[in-house]
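Chain residues, written in single-letter form:
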Amino acid sequence: MASRTRAGHRDEPELHPVKFSRLTRRGVLLGLSLSQLLVLAVAALSIVVALYMGGGMLLAYAAPICLLSAVLAWVPAGGRKLIEWVPIALRWVWRVTGGQLLFRARIVKPRPAGTLALPGDAAALREYLDPVTDAAMIHDPHGQTLTAVLTVTHPAFVLLDPSEQERRVSGWGRVLATCCRSGRLARVQVLERTLPDSGSGLAEWWSEHGRADGSWTSTVYAELIDRAGPAGERHATTLSVALDMRAAARAIRTAGGGMKGAAAVLRQEMTTLSAALRAADLTPSEWAGPGEVAVMLRSAYDPAVAATLERHRDLGRNLATAGPVTLTESWQHLHSDSAFHAVLWITEWPRSLVYPGFLAPILLSSGVRRAFSLIATPIRSDQAARDIRKKKTEYISDAHQRQRIGQIEDAQQSAEFEDVLQQEADLTSGHGILRYTGLIAVSAPTLDELEGAVSALEQAAIQASCETRRLVGQQAAAFAAAALPLCRTV
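Keep in mind it's a predicted model, so treat the numbers as computed, not measured.

This part covers helix α15 (residues 475–483). Extensive coverage of α15 is indicated by the burial of seven of its nine residues. Regarding α15, the residues found buried are Gln475, Ala478, Phe479, Ala480, Ala481, Ala482 and Ala483.

Turning next to the nonpolar core. Leu118, Leu297, Val343, Phe479 and Leu484 are the most contacted members of the largest nonpolar core, which totals 34 residues. Elements with a minimum of two residues in this core: β7 (136–140), α9 (290–301), β15 (369–379), β16 (433–444) and α15. In this structure, Val188, Leu239, Ala248 and Ile252 belong to the second largest nonpolar core, which totals 27 residues.

It is worth spelling out the pairing of β16 at this point. Across a regular strand the side chains alternate sides, sitting on one face of the sheet and then on the other. Here β16 lies mainly inside the structure; nine of its 12 residues are buried. Taken together, the six bridges between strand β14 (residues 339–348) and β16 define a ladder with antiparallel strand orientation. Residue pairing in the sheet places Trp345 in a bridge with Leu439 of β16. With 11 bridges connecting them, β15 and β16 associate as antiparallel partners. Paired with Leu374 across the bridge in β16 is Gly438.

Take the environment of Asp387 next. Relative to the helices and strands, Asp387 is located in helix α12 (residues 381–405). Each C-alpha atom, one on Asp387 and one on Val420, is 9.7 Å from the other, the two residues being 33 residues apart in sequence. Beyond its immediate stretch of four places on either side in the chain, Asp387 contacts Ile379 and Arg435. Side-chain polar atoms of Asp387 contact the side chain of Arg435, separated by 3.4 Å.

Nonpolar side chains collect at one region of the surface, where Leu45, Val49, Tyr52, Met53, Met57, Leu58 and Tyr61 lie side by side and expose about 840 Å² of accessible area between them. Note on placement: Tyr52 falls in helix α1 (residues 34–52). Take Tyr52: its relative accessible area is 72%, and that puts it in the exposed class.

Along the polypeptide, Trp345 turns up in strand β14. Trp345 gets classed as partly exposed once you look at its relative accessible area, which sits at 22%. Residues Trp345 and Ile440, spaced 95 residues apart in sequence, show a C-alpha to C-alpha distance of 6.5 Å.

Let's shift gears to the pattern of salt bridges. Inspection of every chain in the model, using the stated rule, returns 14 salt bridges. Here Glu451 and Arg470 are joined by a salt bridge, their closest N and O atoms 3.1 Å apart. In this pair, Glu451 sits in helix α14 (residues 447–463) while Arg470 sits in strand β17 (residues 467–470), placing the two residues 19 residues apart along the sequence. Exposure remark for Glu451: the relative accessible area of 33% places this residue in the partly exposed category.

Turning to the confidence of the model for the chain, a few remarks are in order. Taken residue by residue, the chain gives an average pLDDT of 82. The fraction at 70 or more is 90%. Contacts for the low-pLDDT stretch residues 1–10, under 50 throughout, to residues beyond four places or in other chains number 16 contacts.

The next subject is the packing of aromatic side chains. Inspection of the entire model under this criterion finds two aromatic pairs. Pairing Trp92 with Trp331 gives two aromatic rings, centres 5.3 Å apart and planes at 80°, and the pair type is edge-to-face. Placement of the pair is Trp92 in helix α3 (residues 82–97) and Trp331 in the loop between β12 (326–329) and β13 (334–336), with a sequence separation of 239 residues. Since its relative accessible area comes to 15%, Trp92 is described here as buried. When its relative accessible area of 31% is taken as the criterion, Trp331 is described as partly exposed.

What follows is about the side chain of Asp130. Here Asp130 is to be found in the loop between β6 (126–129) and β7. Taking the relative accessible area as the measure of exposure, Asp130 reaches 0% and is therefore buried. One polar contact links Asp130 to Arg267, side chain to side chain, over a distance of 2.6 Å. The contact partners of Asp130, leaving out residues within four places of it in the chain, are Ala135, Met137, Ala263 and Arg267.

Turning our eyes to something else, we now look at the packing of α12 against helix α13 (residues 411–428). One way to put it is that α12 packs onto α13 with a least axis distance of 10 Å and a crossing angle of 155°. Classified by the angle their axes make, α12 and α13 are roughly antiparallel. Seen from above, α12 lies across α13 with left-handed handedness. Across the interface between the two elements, Ser381, Ala384, Ala385, Ile388, Lys391, Lys392, Tyr395, Ile396 and Arg402 from α12 touch Gln413, Glu416, Phe417, Val420, Leu421, Gln423, Glu424 and Leu427 from α13.

It is worth spelling out the packing of helix α4 (residues 162–181) against helix α8 (residues 258–279) at this point. Each pair of packed helices can be summarised by the angle the axes make with each other and by the distance between the axes. The N-to-C vectors of α4 and α8 enclose an angle of 165°; their axes lie 9 Å apart at closest approach. Comparing the axis directions of α4 and α8 gives the class roughly antiparallel. Here α4 runs over α8; the crossing is right-handed. Packed against α4, whose contacting residues are Trp172, Val175, Thr178 and Cys179, the element α8 presents Thr272, Leu273, Ala276 and Leu277 at the interface.

The rules behind each value
Residues numbered from 1 in each chain as written. Predicted model: local features only at pLDDT ≥ 70, side-chain atom pairs only at ≥ 80, totals over all residues. Heavy atoms only, no water. Buried < 20%, exposed > 50% of the residue type's maximum accessible area, 1.4 Å probe, protein only. Helix = DSSP H or I, 4+ residues; strand = E, 2+ residues; numbered from the N terminus. Core = buried A, V, L, I, M, F, W, Y, C linked by side-chain atoms within 4.5 Å. Pairing = 2+ DSSP bridges. Contact = heavy atoms within 4.5 Å. Polar contact = N/O pair within 3.5 Å; in protein donor to acceptor, adjacent residues only side chain to side chain. Patch = residues over 30% accessible without salt bridge, like charges linked within 9 Å, V, L, I, M, F, W, Y side chains within 5 Å. Areas by Shrake-Rupley, 256 points an atom, 1.4 Å probe, with all protein chains shown as cover. Salt bridge = Lys/Arg side-chain N within 4 Å of Asp/Glu carboxyl O. pLDDT = per-residue confidence, 0-100. Phe/Tyr/Trp six-rings, centres within 6.5 Å; stacked < 30°, edge-to-face > 60°. Axes fitted to C-alpha atoms, helices over the stretch in contact; angles between N-to-C directions. Parallel < 35°, antiparallel > 145°, perpendicular 65-115°, else oblique. Left-handed = near helix turned anticlockwise from the far one by under 90°.

Quick look at the structure:
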């Protein structure tokens, strides 16, 4: 590690800038994706059939097909080619005709025992209470994952000196490398939320240190504390880990099989992760039980009751009723209970060198109710090495193909190849390889306030050197992935 020398002081580590790999746009052949190749193949097939059948008027009939295929393959709209919008539009039409955009909680007809009261595909999630740790483990029978949630506390990173920041960044890198070694974790999710401050901290301090002697001063002070919340906002960070039950099938059978064996294997990962977090100077709490998870879910869909649930610790602690009462999905936003929601996808991380605190404009934005979710998919070292070798071979073969046909090599392709080489160097140095997805869920009480909050977050992302795109046609699934600590994907 590089160091700098100060007069009269020992060497201290420097804070090094970092660079993210670019979102690959290489495609399958000559920069074209599979969907583009298929639609162009339809155009070529129509021309071949017209020529084979005699040409003439048949070529005139094939011309509109070729024109439509070319438009779908090459014309962009909203940051994507038109052909990439086709499956999204078809799925949206299918959901509209099937009445899947509306959700209403079933009050009279109870849900099956152990299920979560969540809308959409999250309705299949099951609750499993671990008898050893009393942690609530969420089982996804379709995705074959088992998820546990952990609350993490940490000091303000931006207020630390550069040497301490560099040390903590290195510690977090070791935590991520630990997640990659076992090969049994499907996903790791870091969720940072802004919550209204309920004033419970002031109330607890007054109950411990205050003197309720009935005097005028004591009475006024108690009334002020009682009316103080919610007066501000606070930040809460959770770390969720999802066990891949397919990859851990052998270990699960060894531990007894079924949910009992899966819980035993997940406990091993939980213990390892907690130790790694403590070594990185992070403070993990106890793994969240059913009550804590229920409050997180209810607060996400109904922000208006978040302060009340936090202030009264005996309310909203049932997972069977933690979901929304009503949910209405539209093309660009979502309406649930007391708030409107929209989800932004971070399509590009900083392309230039940035320091580790580059997300401060997003995470420290005030006056906006949002949840920032970083979903990482760990890749085992051997699998990552195979993927890197495959990418290198594909890049080199594509370069030879472009040189053969006279196509010019552009800077984007060269930069992506350099990213692959950098990943290979990092893997050789002992670091883990993870695929990241960044999502930002924005909430507001009215639709106009939501649009203003989305604009504010988009500007904050620009300050953080990130590119964002508003997800459309899939807001319900995106919100479940961005705002809920359940390691969901879009």
